[in-house]
Amino acid sequence: MEKSLCLLAAVILLGVFLAGAGTGAGALINEATTESYSLFNDTATTTTVSWTESVTVEDQGRDRPTPATAQTELFTTTDREKHLETKNTNQDREEVNSNNNKEEEEETDDRKTEDEKTELDCPPLGLESLRVDDSQIQASSYQRMGLGPHRGRLNIQSGIEDGDQYDGAWCAEYKDRHQWLEVDAIHLTLFTGVILQGRNSIWSWDWVQTYKVQLSNDSVNWETCMNGTREAIFEGNQNPETPVLGLLPVPTVARFIRINPQTWYSNGTICLRAEILGCRVNDPTDIYASEREPGSKDTLDFRHHNYKEMRKLMKSVTEECPDITRVYTIGKSYMGLKLYVMEISDNPGKHELGEPEFRYVAGMHGNEVLGRELVLNLMQYLCREYKKGNQRIVRLVTETRIHLLPSMNPDGYEVAYEKGSELAGWAEGRYSFEGIDLNHNFPDLNNIMWDAQEKATDASKVPNHYIPIPEYYTKEDATVAPETRAVISWMQDIPFVLSANLHGGELVVTYPFDCTRDWAPQENTPTADDAFFRWLASVYASTHLVMANPDRRICHYEDFQAHNNIINGGAWHTVPGSMNDFSYLHTNCFEVTVELSCDKFPHVSELPIEWENNKESLLVYMEQVHRGIKGVVRDKLTKQGIADAAIKVEDHDHDIRSAADGDYWRLLNPGEYKVMVWAEGYFPSIRRCQVGMEPHPTICDFTLTKTPIQRLKEIRAKGGKIPQDLQLRLRALRLRKLRASTKAINRRRQSQQLQQEQLLQTRRARSSGARRV
């Protein structure tokens, strides 16, 4: 947990200060013991803030008005002025393993900064994360069920049609100042703030502009939050989507809280989405007080890591487990942040014959940050459990080469990180710095294949794998993000077998194809390996603690439980140019997308819970790389491996290719398969391979015999040419062009940056000279 949480495990002395008019205000919280406003009675009550980590409080860190000085009726807190967590967004582009003096000085400064980051903000109760149940939310009125109080959750998304049962806010039936949204915290809670949004809707614009906050212990007798001697009026929203934080002038202990709208958008009505900030307080009379707070037994670094902190964590893992880890980079973002990858293997830095390559990619959308933190936690977990001798982890590390990319879009992440977990909204930081959605930025190979199949007289002759990148995509003026270019090059260099792309904002696992035929907005579009993809998706979904819960609430408006929490990507919504489809059609790698959580940017207090929700799923999914068949394709005479040999499984219209050393991996469900292997200049070979139920691959090696020289002479005598795999040649040519254009773009960008720096230096020199004169 970060120090920015409110006085975790510190002691709070509650007191009631009653003025002659019956209004009350408490002193600001300071140090470990303090007086804050209570709604109980006239007797001071000693309570302790209960949380999972103790925090040393150094400073208040907020200029809240005191009873003596507060005279302003409107209490405002903008999302830019007040953050739940102090963010340090300085970008460090040094290598992970750099140990120079400058880095040591920076680390010292960072430690000082961490010590100065103590704030008194409490975590969210969990309206957005669904920890708050629908039954805990009530309202004075609502227009209809689809706009009921249960829809008043921060960042909740509406369905396509207004008027259905899943609309995008709570909306009051009446337009007056007597409307309210009420939340029951269940436990005694120190309330510190409210975050508000307007209504999510394609068709309607509705938001609350100002509001009051009321508190109660019994939901009958209510007291309005005071700003000195006046009722505090909080500033709300100016648009439907931007979250706005309002901090209570005096943190107050109660059980119930109400948001009471005062003014709203003139052309709209009273609609809002909200999150409540509060710390649970120990209450001797609470019958649920003995309930254990959810968390994790694993002692991992549960916090949000910006670019510099991510690099330091990865460095610390390599120092802790130098024999099984290696950090490398695959390229840079538009802003020059390096795309770091952690490799975990018993022989890092080298592809071992017969050992499959696995990858997790997170942070494609910069604001979907849970995947980033889970991947960083996974690095730590694998390292420590390997050192402990955990046999499951030892087997996984020794038999698999694992690659973990925690942040594919670091530029977007820094934008979201700067706002903070509850204030980034639904889309802040989603796109790259250039405004590109990276999951629509890969070459659309689906339609190239489908168009070729429709035009061909024999569709079976159309290539179904290793489809080359189209020519237009390789040009320098093509709209291809540097992050996408880096990942494509990475895919070419390493023979990945299995991958998962970690996203957020829903609870579902999707599998290819993501793009639909004929541009249909929604249509089930299966691959030739649909059965295995469904298995892969089910493995993750069925072991995810929340997805597997049949009583869970839906995130927004789609009930994926009806599909067992898995769905074909095209059946959900079409995504042309997705990484999943490109990976399947251009390489040997099978990839699914995992939507990890309803909350794209969970608060730091939720990270241990999310780790436990996903830990088993992350591990068991990696183990699926060992299903199916594997082997080595060798030359009969030389015994050397044959690269780029095609492996074809009968009744599966999708082939794969052998790697540079001749080894291959073909993911398959249990069963008996007829497998044919062929390579340029060799006779094909056929054999039957049996795949069992156990998660271990069946070894199916192949030995190929070269075509007789006499046969080649006969072909030449007839004026013919020796057959060549033109598809492979074109694929390699397009990759070379893509890399060449990437280098040219990088050189041009570096030249422009140098010119800008020189111009800036010249301006500074002139300005300095003018001041001296």
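Residues numbered from 1 in each chain as written. Predicted model: local features only at pLDDT ≥ 70, side-chain atom pairs only at ≥ 80, totals over all residues. Heavy atoms only, no water.

(A) Inspection of the packing of aromatic side chains at higher detail. Applying the stated criterion to the full structure yields 22 aromatic pairs. Ring centres of F358 and Y360 lie 4.7 Å apart, and the angle between their planes is 85°; on these two criteria the pair is classed as edge-to-face. Note on accessibility: F358 and Y360 belong to one class, buried. Considering the side-chain rings of Y664 and F702, the 6.4 Å spacing of their centres and the 55° angle between planes classify their relative orientation as tilted. You can see Y664 sitting in strand β26 (residues 663–666) and its partner F702 sitting in strand β30 (residues 702–704), a full 38 residues away along the chain. (Phe/Tyr/Trp six-rings, centres within 6.5 Å; stacked < 30°, edge-to-face > 60°. Buried < 20%, exposed > 50% of the residue type's maximum accessible area, 1.4 Å probe, protein only. Helix = DSSP H or I, 4+ residues; strand = E, 2+ residues; numbered from the N terminus.)

(B) Molecular detail of the sheet that holds strand β22 (residues 590–595). Pairing is mixed across the open sheet formed by eight strands, whose spatial order is β15-β16-β18-β17-β19-β22-β20-β21. Each edge of the sheet is formed by a strand with only one pairing partner; in this case those strands are β15 (325–332) and β21 (566–568). Averaged over neighbouring strand pairs, the angle between their axes works out to 20° when direction is ignored. Across five bridges, strand β17 (residues 357–362) lies against strand β18 (residues 401–405) in parallel orientation. Paired with V361 across the bridge in β18 is L405. The strands touched by helix α2 (residues 307–320) are β15 and β16 (338–344); relative to β16, the strand with the most contacts, the crossing angle is about 25°. (Pairing = 2+ DSSP bridges. Axes fitted to C-alpha atoms, helices over the stretch in contact; angles between N-to-C directions. Contact = heavy atoms within 4.5 Å.)

(C) A look at the packing of helix α7 (residues 482–493) against helix α10 (residues 579–586). At a minimum axis separation of 12 Å, α7 and α10 run at an interaxial angle of 30°. Judged by the angle between their axes, α7 and α10 are roughly parallel. In the crossing of α7 with α10, the sense of the turn from one axis to the other is right-handed. Contact with α7, carried on its side by V487, I488, M491 and Q492, involves M579, F582, S583 and H586 of α10 and no other residues of that element. Taken together, the residues of the contact of α7 with α10 break down into five nonpolar, three polar and no charged. (Parallel < 35°, antiparallel > 145°, perpendicular 65-115°, else oblique. Left-handed = near helix turned anticlockwise from the far one by under 90°. Nonpolar A, V, L, I, M, F, W, Y, C, P; charged D, E, K, R; others polar.)

(D) The arrangement of a negative patch on the surface in detail. Together, D451, E454, D518 and E523 give the surface a local cluster of negative charge. Along the chain, E523 falls in the loop between β20 (508–511) and α8 (530–543). Take E523: its relative accessible area is 35%, and that puts it in the partly exposed class. (Patch = residues over 30% accessible without salt bridge, like charges linked within 9 Å, V, L, I, M, F, W, Y side chains within 5 Å. Areas by Shrake-Rupley, 256 points an atom, 1.4 Å probe, with all protein chains shown as cover. Salt bridge = Lys/Arg side-chain N within 4 Å of Asp/Glu carboxyl O. Lys, Arg positive; Asp, Glu negative; His and termini not counted. Charge placed at Lys NZ, Arg CZ, Asp CG, Glu CD.)

(E) Structural context of the sheet that holds strand β24 (residues 646–649). Within the open sheet, the four strands sit side by side as β25-β24-β27-β28. Their pairing is antiparallel. Of all the strands in the sheet, just β25 (656–657) and β28 (685–691) have a single pairing partner and so form its edges. In the sheet, β24 pairs with β25 via two bridges, with the strands oriented antiparallel. When the sheet's bridge partners are listed, I647 is paired in β25 with I656.

(F) Layout of the side chain of H626. When you line up the elements, H626 lands in the loop between α11 (607–623) and β23 (629–635). At 2.7 Å, the side chain of H626 forms a polar contact with the side chain of T400. Contact partners of H626, with chain neighbours within four places excluded, come to P356, E399, T400, P695, H696 and P697. (Polar contact = N/O pair within 3.5 Å; in protein donor to acceptor, adjacent residues only side chain to side chain.)

(G) Just the environment of H626, in detail. For H626, a relative accessible area of 9% corresponds to the buried category. Here the alpha-carbon distance between H626 and E694, two residues 68 residues apart in the chain, equals 9.5 Å.

(H) Looking closely at the nonpolar core. By size, the foremost hydrophobic cluster in this structure holds 98 residues, and its most contacted members are Y360 and W490. Counting residues per element, this core draws most heavily on helix α3 (residues 370–388), at nine residues. Residues in contact with Y360, not counting those within four places in the same chain, are V375, L378, H403, L404, L405, A500, L502, Y540, S617, L618, Y621 and M622. Membership of the second largest hydrophobic core comes to 29 residues, among which are L125, F191, L196 and A232. (Core = buried A, V, L, I, M, F, W, Y, C linked by side-chain atoms within 4.5 Å.)

(I) Spatial organisation of the pairing of strand β8 (residues 208–216). In terms of burial, β8 is largely enclosed, as eight of its nine residues are buried. Alignment of β8 against strand β13 (residues 244–264), held across eight bridges, turns out to be antiparallel. Looking at β13, one finds that T210 is bridged to T263. Of the strand pairs in this sheet, β8 and strand β12 (residues 233–235) are connected by two bridges, and their pairing is antiparallel. Following the sheet pairing, Y211 is matched in β12 by F234. The pairing of β8 with strand β9 (residues 223–224) spans two bridges and is classified as antiparallel. Its bridge partner lying in β9, Q214 is registered against T224. Counting the residues that bridge the hairpin from β8 to β9 gives six residues, and of these S219 lies at a positive phi of roughly 65°.

(J) Structural view of the pairing of β26. On β26, burial covers both faces: D663 and W665 on one face and Y664 and R666 on the other are all buried. Across four bridges, β23 lies against β26 in antiparallel orientation. Within β26, the position partnered with V632 by the bridge is D663.

(K) Focus on the side chain of S578. Turning to its location among the elements, S578 is positioned in the loop between α9 (569–572) and α10. In this structure the side chain of S578 is engaged in a polar contact, spanning 3.2 Å, whose partner is the backbone nitrogen of D581. With residues up to four places along the chain from it excluded, the contact list for S578 reads N439, F442 and D514.

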